[in-house]
Structure formats: C-alpha cells, structure tokens
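Here's the letter readout for the chains.
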Amino acid sequence: MATPVFSDNILRREVKRLAQQKSSFAKYINTEYSGELQGKSSIVFVPVMSNITLTGSNITGASGMTLGTGPGQAISPTDTTLSLEPIKLSKYSNYLERITDFQVKHSKVPLEQAIGENLATAKDVLLDNFVRDLILVDKIASIPAANKINSGTPIAIATGTVIEVFGKCTVALDKQNAGMDRVCFVSAEVADVYQRAQLLTNTEMGAEMLQAGYLGRYRGTPIVYSAALNASNEMVMMEKGTVHAVVEDYGTQSKDGNNGNYFNVFTEVVYGGEIFSVNLPKIAVAYFI
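Residues numbered from 1 in each chain as written. Predicted model: local features only at pLDDT ≥ 70, side-chain atom pairs only at ≥ 80, totals over all residues. Heavy atoms only, no water.

## A short note on the overall build of the chain
Argument step 1. In terms of regular secondary structure, the chain is built from five helices and eleven strands.
Argument step 2. Within the chain, the fraction of its 289 residues that count as buried is 41%.
Argument step 3. Expressed as a percentage of contacts within the chain between residues at least 6 apart in sequence, the contacts between residues at least 24 apart total 81%.
Argument step 4. Total accessible area computed for the chain in this model is approximately 16,000 Å², and 53% of it derives from carbon and sulfur atoms. (Helix = DSSP H or I, 4+ residues; strand = E, 2+ residues; numbered from the N terminus. Buried < 20%, exposed > 50% of the residue type's maximum accessible area, 1.4 Å probe, protein only. Contact = heavy atoms within 4.5 Å. Areas by Shrake-Rupley, 256 points an atom, 1.4 Å probe, with all protein chains shown as cover.)

In structure tokens form, the structure reads like this:
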C-alpha cells in the first residue's frame, strides 16, 4: 500500500518508542539532570559529598558513678569532603537524508516507521558506545584496582571462568558497599556461555525477560547483553544509576528541499555524561580474551 503523506509526528514517535525498546546500557543509567542541561554546550555542576564514617569509642570514667569521657562531651570535627563535579553535553551527532516525493508516494512501507526504526537503532548504538567508553576508557583509571578483575591477564571465556569472574565482581562490589540493585552487562560470547550452560534455568525470571537482550537473573543480578561490548568482551557489573548521562534531541523532522522535488529528513543529537567520584567504586570490570 502506498504512503500518500509523510508525518513528522509518526517519525518522532517511532524513534522514541523503538529507542526505549532496544537500548541496553541506557535502561540502567541515571538521567535525572537532563532537564537542567539546555543548549549545545551546557554544563551543570553537581555537589558530591564523600561518605560519612562513624567510629565507635569506649565510654570511660574514673568510677562506676562518674561518667568521665563519653556522650555529652566535646565532639571533635570529622569533616566530609564536598566537591563540585560536572556533567556536560560534550558530544554530538547529526543525520540528514534526502527523500524524493516519488519515494514517499510509492513506497510499499510507511517511510516514517522505516526511517524511525533506523534512527532509533543508530541512537541506541551511539549512546551505548558512549557509556561503554565512559566506563572502560575515560574513567577506568579511577575505578578501584580491586574492582578490575584480571585486568593484567585477561582469561579465556568458558563456563567455569565466566562464573568465577561473575563471583569476583560480586565480591568486589560487596567489599565497596555498593547497593544490591545491580546489573551485569556481557558481550555476545559471554552471553552464549550462560545460555549454552543453562546457568539461568530455574533462576529468577521476570517481566524484563521480554525486553530485547535480557537474559535473566543469576544470583539476583540481571544479565544484559550489550553489543557495545562485543569488540573487547569485558564484563561490566555496576549498581544501577551509577552512570549519569544526558541526551538532548534537537529535532527529528522533515523540511522541503530547495532545488528539486524532494524533502530532507534530519536529526541532531547532543549528549554527554559523567561518573561521579563516589560512584566509581560501584563499578566492577572483568577482562576476557
């Protein structure tokens, strides 16, 4: 059936809907500062406070009837560290496609939906690769050494090694007091080990199983396939919301061309992100070959 008109509303709706379905890293990042970043070179400084540590002390006194040193005495200050850390829109990507009126009127598929699907996939890949690089390149040196499993000598992918490394990542985050609401991202080869070994059989399954790329849960932690990790095969486990990211979409629309019987479909995406210093211990990375 031919498509007689081209609808920007349908195009934008399709991009948003499909991006929500296909994203992997994007489902588990923190986007709470998106509304505070306006413009293509905006930056917001977020106050980040170090953790508070309490140390127990003995209550001592001269006798059983004398309080001595204890509650109610002078308190020595133990100041936390308060720093301002930036989140900024630091990258951009744009896309322009020229479509003739003939293509629109005689296409056998609705072009809004076809182009929307392609754009949603492209934006998904863009954001997933950005979050991967933020973790594995930009901030990897600041992640605690104990959280980088086999970083010096990556090990081969096998059932035993994958389970061993999964356990080490869990232990590393436990020792850093990371929250229990975690997610583990794996490459296609690591995901294949989980599936072939039936390690997820009879484990926790939920509605998320229906989402694209969701494998299930192991030891209470969701296992998520991310194509962004296929090139290097790292396993990334982190507390959800550890990575902050912001994406600004500067219009997905069509406009008439100026020298022919065609119109232009274009979009521009500006994005950025940060991992605050207090969140770096909440990420564990394991290396395979």
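Having seen it, we continue.
## Here's the deal with unusual backbone geometry
Argument step 1. Of note, the phi angle at Asn150 is positive, near 60°, even though the residue is not glycine.
Argument step 2. Looking at where Asn150 falls in the secondary structure, it is placed in the loop between strand 4 (148–149) and helix 4 (159–175).
Argument step 3. One non-glycine residue, Asn177, lies in the positive phi region at around 60°.
Argument step 4. When you line up the elements, Asn177 lands in the loop between helix 4 and strand 5 (182–186).

## Observations regarding the packing of aromatic side chains
Argument step 1. Scanning the model with the defined rule gives three aromatic pairs in all.
Argument step 2. Between Tyr28 and Phe185 the ring centres are 5.8 Å apart and the planes differ by 70°, which places this aromatic pair in the edge-to-face class. Placement of Tyr28 in the loop between helix 1 (8–22) and strand 1 (43–49) and of Phe185 in strand 5 is noted, with a sequence separation of 157 residues between them.
Argument step 3. We classify Phe185 as buried; its relative accessible area is 0%.
Argument step 4. Feature note: the residues Phe25, Tyr28 and Phe185 constitute an aromatic cluster, connected by ring pairs. (Phe/Tyr/Trp six-rings, centres within 6.5 Å; stacked < 30°, edge-to-face > 60°.)

## Side note on helix 5 (residues 188–196)
Argument step 1. Of all the residues in helix 5, the buried ones are Val190, Ala191, Val193 and Tyr194. Take helix 5 and look down its axis: the buried residues cluster within an arc of 155°, on one side only. (Arc of directions from axis to C-beta.)

## Section: the environment of Asn30
Argument step 1. By the element assignment, Asn30 lies in the loop between helix 1 and strand 1.
Argument step 2. Non-local contacts of Asn30, meaning those with residues more than four positions away in its chain, are made with Gly241, Val243, His244 and Ala245.

## Quick word on helix 4
Argument step 1. An ideal rise of 1.5 Å per residue puts 24 Å on 17 residues; helix 4 measures up with 25 Å between its terminal C-alpha atoms.
Argument step 2. Along helix 4, the residues classified as buried are Thr161, Val162, Val165, Phe166, Gly167, Cys169, Thr170, Ala172 and Leu173.
Argument step 3. Immediately beyond the C-terminal end of helix 4, within one or two residues, lies Asn177, with a positive phi of roughly 60°. (Expected span 1.5 Å × (residues − 1).)

## What about the pattern of salt bridges?
Argument step 1. Evaluated as defined, the whole model comprises five salt bridges.
Argument step 2. Across the salt bridge formed by Glu164 and Lys168, the nearest N and O atoms sit 3.1 Å from each other. You can see Glu164 and its partner Lys168 sitting in helix 4, four residues apart, about one turn around the helix.
Argument step 3. The exposure class assigned to Glu164 is partly exposed, which follows from its relative accessible area of 41%. (Salt bridge = Lys/Arg side-chain N within 4 Å of Asp/Glu carboxyl O.)

## Structural notes on a nonpolar patch on the surface
Argument step 1. Where nonpolar side chains cluster on the molecular surface, the patch consists of Ile43, Phe45 and Leu84 and spans about 320 Å² of accessible area.
Argument step 2. Structurally, Ile43 can be placed in strand 1. (Patch = residues over 30% accessible without salt bridge, like charges linked within 9 Å, V, L, I, M, F, W, Y side chains within 5 Å.)

## Regarding the side chain of Thr170
Argument step 1. Counting through the fold element by element, Thr170 comes out in helix 4.
Argument step 2. Among residues more than four places away in sequence, those in contact with Thr170 are Arg182, Arg219 and Met237.

## Details of the environment of Leu82
Argument step 1. The residue Leu82 is located in strand 2 (residues 82–88) in this model.
Argument step 2. Not counting residues up to four positions away in its chain, the partners in contact with Leu82 are Pro47, Val48 and Met49.

## Comments concerning the state of the cysteines
Argument step 1. One pass over the full model with this rule turns up zero disulfides.
Argument step 2. Cysteine Cys169 remains unbridged, with the sulfur of Cys184 as its closest cysteine sulfur at 6.3 Å.
Argument step 3. Overall, the relative accessible area of 0% leaves Cys184 in the buried class. (Disulfide = S-S within 2.5 Å.)

## Let's talk about the confidence of the model for the chain
Argument step 1. Of the residues in the chain, 75% reach a pLDDT of 70 or more, and the chain-wide mean stands at 79.
Argument step 2. Under a pLDDT of 50 for its full length, residues 1–5 has, in the predicted model, 14 contacts with residues more than four places off or in other chains. (pLDDT = per-residue confidence, 0-100.)

## Some points on the nonpolar core
Argument step 1. One finds Ile135, Phe185, Val243, Ile283 and Val285 to be the most contacted residues of the largest nonpolar core, which totals 27 residues.
Argument step 2. Contributing elements (two or more residues each) for this core: helix 3 (111–138), strand 5, strand 8 (235–239), strand 10 (262–274) and strand 11 (283–286).
Argument step 3. Considering every element that reaches this core, the biggest residue donor is helix 3, with six residues.
Argument step 4. Here Ile135 is in contact with Phe25, Ile140, Ile143, Val236, Met238, Val243, Ile275, Ile283 and Val285, once residues within four sequence places are set aside.
Argument step 5. Ranked by size, the runner-up nonpolar core spans 22 residues in total, among them Cys169, Val186, Tyr218 and Ala286. (Core = buried A, V, L, I, M, F, W, Y, C linked by side-chain atoms within 4.5 Å.)

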